[in-house]
Amino acid sequence: MYKRFFKPLIDRVLALLLIILFSPVIAIVALLIYIKMGRPVIFTQPRPGKDEKIFNIYKFRTMTDERDSNGELLPDEKRLKGVGKVIRSLSLDELPQLFNVLKGEMSFVGPRPLLIDYLPLYNKEQRKRHQVTPGITGWAQVNGRNAISWQEKFKYDIEYVQKQSFLFDIKILLLTIKKVIKKEGISQQGNATMEKFNGNN
């Protein structure tokens, strides 16, 4: 009953309330990005959701469009600086995902929606992460976020799918607040965020 009815209802009501509450912050962050980096202010990208249904995730843009002499984008760590780096460190780039939650495409808690490119790379066990609605935060995020390996991340995702409950979600939300305050696990050593998943071989 919680998974099918109460969780989606709580998600949407809470998302609407937070959008209203944080509207001044959302407006200020959008303005800063526009002034410092220009358009687009919002970064959108297709991601697989529940049952691998594709949706567009929304995030505030945090990286510049700086390119090398060959016209190729510079590495992420060189394009993540200034205002974008501050926004990322405070997790403010995630605020637009409240609209994904309002639309029912995401939940507050669940496995993070990853790149479509990864879909063919999952094994049978890892694919179970798509049995539930993806989340803004999740069990893997509070256990290391981008600082843990892909195998550890998938292990926590599957554990969440198996143990999902109201009290478990509350625990994850409280731990997320602690992580955001301490700014833990934002990046993996040697990378601006997390290295790409290249399969299980």
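Fair warning: this is a prediction, and the values are worked out from it, not measured in the lab.

1. Section: helix α4 (residues 82-89)
Listed in full, the buried residues belonging to α4 are Gly 84, Ile 87, Arg 88 and Ser 89. The secondary structure elements touched by the buried residues of α4 are α2 (23-37). The positive-phi residue at the C-terminal boundary of α4 is Ser 91, with phi of around 60°.

2. Focus: the nonpolar core
In this structure, Ile 33, Phe 60, Phe 108, Trp 139, Tyr 160 and Ile 172 are the most contacted members of the largest nonpolar core, which totals 28 residues. Contributions of two or more residues to this core are made by α1 (2-21), α2, β2 (54-60), α5 (97-102), β3 (107-109), α6 (150-163) and α7 (166-182). Top contributing element to this core by residue count: α2, with four residues. Leaving out residues up to four positions away in the same chain, Ile 33 has contacts with Gly 38, Pro 40, Val 41, Phe 60, Arg 61 and Ile 87. Core analysis: the second largest hydrophobic core is formed by seven residues, Tyr 118, Leu 119, Tyr 122 and Trp 150 among them.

3. A word on the layout of surface pockets
Taking a probe equal in size to a water molecule and rolling it over the atoms shows the remaining empty space. In this structure, the second largest pocket spans a volume of roughly 420 Å³. Lining the second largest pocket are 21 residues, with Lys 50, Gly 104, Glu 105, Val 132 and Thr 133 sitting closest to its centre. Listing elements by their share of the lining of the second largest pocket, those giving two or more residues are α1 and β2. Sort the elements by how many residues they give to the lining of the second largest pocket and α1 lands first, with five residues. Tallied by class, residues from the lining of the second largest pocket come to seven nonpolar, six polar and eight charged.

4. A closer look at the pairing of β2
In this structure, strand β1 (residues 42-48) lies alongside β2, joined through seven bridges in antiparallel fashion. When the bridges of β2 are listed, Phe 43 appears paired with Lys 59. Taking the residues between adjacent antiparallel strands as the criterion, β1 and β2 are bridged by five residues, where Asp 51 takes a positive phi near 60°.

5. Re the pattern of salt bridges
Scanning all chains against the criterion turns up 11 salt bridges. Here Asp 93 and Lys 59 are joined by a salt bridge, their closest N and O atoms 3.6 Å apart. Highlighted residues: Asp 93 in the loop between α4 and α5 and Lys 59 in strand β2, separated in sequence by 34 residues. The class of Asp 93 is buried, set by a relative accessible area of 1%. Lys 59 gets classed as buried once you look at its relative accessible area, which sits at 16%. Of the charged contacts in the structure, one is a salt bridge between Glu 159 and Lys 163, with a shortest N-O distance of 2.9 Å. Here Glu 159 and its partner Lys 163 are both found in helix α6, four residues apart, which amounts to about one turn of the helix. The exposure class assigned to Lys 163 is partly exposed, which follows from its relative accessible area of 48%.

6. Comments concerning the confidence of the model for the protein chain
Model confidence for the protein chain is summarised by a mean pLDDT of 87, while 93% of its residues fall at 70 or above. When pLDDT is averaged over each element of the protein chain, α5 comes out on top at 97 and helix α3 (residues 76-79) at the bottom at 71. Below pLDDT 50 for its whole length, residues 187-192 participates in 15 contacts with residues either more than four positions away or in separate chains.

7. Topic: the packing of α2 against α4
The contact between α2 and α4 brings their axes to 9 Å, and the two run at 150°. The angle between α2 and α4 falls in the class roughly antiparallel. Facing Val 29, Leu 32, Ile 33, Lys 36 and Met 37 of α2, the residues of α4 in contact are Val 83, Gly 84 and Ile 87. When grouped by side-chain class, the residues that make up the contact of α2 with α4 number six nonpolar, one polar and one charged.

8. Some words on the environment of Ser 89
With respect to the element layout, Ser 89 can be found in helix α4. Along the chain, Ser 89 and Ile 181 lie 92 residues apart, while their C-alpha atoms are 9.6 Å from each other. At 2.8 Å, the side chain of Ser 89 forms a polar contact with the backbone oxygen of Val 86.

Parameters at a glance
- Residues numbered from 1 in each chain as written.
- Predicted model: local features only at pLDDT ≥ 70, side-chain atom pairs only at ≥ 80, totals over all residues.
- Heavy atoms only, no water.
- Buried < 20%, exposed > 50% of the residue type's maximum accessible area, 1.4 Å probe, protein only.
- Helix = DSSP H or I, 4+ residues; strand = E, 2+ residues; numbered from the N terminus.
- Contact = heavy atoms within 4.5 Å.
- Core = buried A, V, L, I, M, F, W, Y, C linked by side-chain atoms within 4.5 Å.
- 1 Å grid on protein atoms, 1.4 Å probe; cavity = no way out; pocket = protein on both sides within 12 Å on 5 of 7 lines; lining within 4 Å.
- Points joined across faces, edges and corners; volume = space filled by probe spheres on them.
- Nonpolar A, V, L, I, M, F, W, Y, C, P; charged D, E, K, R; others polar.
- Pairing = 2+ DSSP bridges.
- Salt bridge = Lys/Arg side-chain N within 4 Å of Asp/Glu carboxyl O.
- pLDDT = per-residue confidence, 0-100.
- Axes fitted to C-alpha atoms, helices over the stretch in contact; angles between N-to-C directions.
- Parallel < 35°, antiparallel > 145°, perpendicular 65-115°, else oblique.
- Polar contact = N/O pair within 3.5 Å; in protein donor to acceptor, adjacent residues only side chain to side chain.

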